[in-house]
Amino acid sequence: KVIPGTEITGLKDGISEIGNIPMTLKAKDNNCVLIRQNANIKIPVNGKYSSLIFLHTVLTTDEFLKANYRKLLWRHWIYGRPAGDYYAVYQDGSRAILPLRMHDNIWKTAVNPLFRMSIGCRYVMPLKTKDGNNLFLYQWEWINPHPEKVITGIELTQRVVDFNLILFAVSGRNLEVK
């Protein structure tokens with residue numbers, strides 16, 4: 001459980017089709033990765049993928065949102081407000097940055113997407129808490145610019161002081177060789 005005092009209902013153990021993409025989820029404790037400020041978390045990956053698909057969200061407080069409303073307006077950030085970064089690490093040592101931007105490829109956990117949506121997300125997964133509140137997870141597909149290279153890992157970094165990232169699952173589309 002990442003969100004204090006919150007128990008999420010509706011998560012199923014095992015592989016689920018989320019936005020027509022098979023993703024493995026855990027329904028119990030330790031069902032996601034919390035990426036806090038100044039975190040650097042590495043997830044091992046070993047394969048050639050044409051894209052990676054992330055199921056994630058941003059956790060912040062209502063107090064922060066109310067106090068910083070003007071700073072968070074989308075028009076100040078033409079590509080979306082920075083929310084953190086993922087990096088794809090290739091076998092040859094090179095890296096590709098996967099910038100996470102609010103209003104683009106990630107959004108806030110408790111904000112209904114009917115009111116504000118991230119345009120780059122391919123699917124929104126609605127969930128409920130045990131006390132009936134709504135939570136939303138956002139699925140984003142990153143197209144690998146070097147599908148011929150082996151991806152050895154994904155680094156999750158968070159340098160933005162006011163958001164925590166939550167990653168629930170990562171899947172990859174295999175490279176088709178013709």
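In what follows, the accompanying structure is described. (Residues numbered from 1 in each chain as written. Predicted model: local features only at pLDDT ≥ 70, side-chain atom pairs only at ≥ 80, totals over all residues. Heavy atoms only, no water.)

A word on the sheet that holds strand β9 (residues 123-129)
Here comes step 1: Strand order in this open sheet of six strands is β1-β9-β10-β6-β12-β4, and the pairing throughout is antiparallel. Each having just a single partner strand, β1 (8-9) and β4 (33-35) make up the two edges of the open sheet.
Here comes step 2: Looking at chain direction, β1 and β9 are connected through two bridges and run antiparallel. Within the sheet, the bridge partner assigned to Ile8 lies in β9 and is Thr129. (Pairing = 2+ DSSP bridges. Helix = DSSP H or I, 4+ residues; strand = E, 2+ residues; numbered from the N terminus.)

A short note on the pattern of salt bridges
Here comes step 1: Tallied over the entire structure, the rule returns five salt bridges.
Here comes step 2: Its salt-bridge partner being Arg101, residue Asp85 comes within 3.6 Å of it at the nearest N-O pair. Pair noted here: Asp85 is in strand β7 (residues 82-90) and Arg101 is in strand β8 (residues 95-101), with a separation of 16 residues, a long-range link. Comparing Asp85 with Arg101 shows no difference in burial state: the two are buried.
Here comes step 3: Between Arg95 and Glu155 there is a salt bridge, with the nearest N and O atoms lying 2.6 Å from each other. You can see Arg95 sitting in strand β8 and its partner Glu155 sitting in strand β11 (residues 151-157), a full 60 residues away along the chain.
Here comes step 4: What makes Arg95 partly exposed here is its relative accessible area of 44%.
Here comes step 5: Each of Arg122, Glu141 and Arg173 takes part in salt bridges that share partners, so that together they form one network. (Salt bridge = Lys/Arg side-chain N within 4 Å of Asp/Glu carboxyl O. Buried < 20%, exposed > 50% of the residue type's maximum accessible area, 1.4 Å probe, protein only.)

Observations concerning the pairing of β8
Here comes step 1: Two elements, β7 and β8, share seven bridges in a ladder whose sense is antiparallel. From the neighbouring strand, Tyr87 faces β8, where its bridge partner is Ile97.
Here comes step 2: Turn length for the β7-β8 hairpin, with the two strands adjacent in sequence and antiparallel, is four residues, and the turn residue Gly93 shows positive phi of about 95°.

As for the packing of aromatic side chains
Here comes step 1: As enumerated under the stated definition, the model contains two aromatic pairs in all.
Here comes step 2: Joined through ring pairs, the aromatic side chains of Phe54, Tyr86 and Trp140 make up one cluster.
Here comes step 3: The ring of Tyr87 carries the charged tip of Arg95 above its face, separated from the ring centre by 4.1 Å.
Here comes step 4: Sitting over the face of the ring of Tyr90, Lys149 holds its NZ or CZ atom 5.1 Å from the ring centroid. (Phe/Tyr/Trp six-rings, centres within 6.5 Å; stacked < 30°, edge-to-face > 60°. Lys NZ or Arg CZ within 6 Å of the ring centre and 35° of its normal.)

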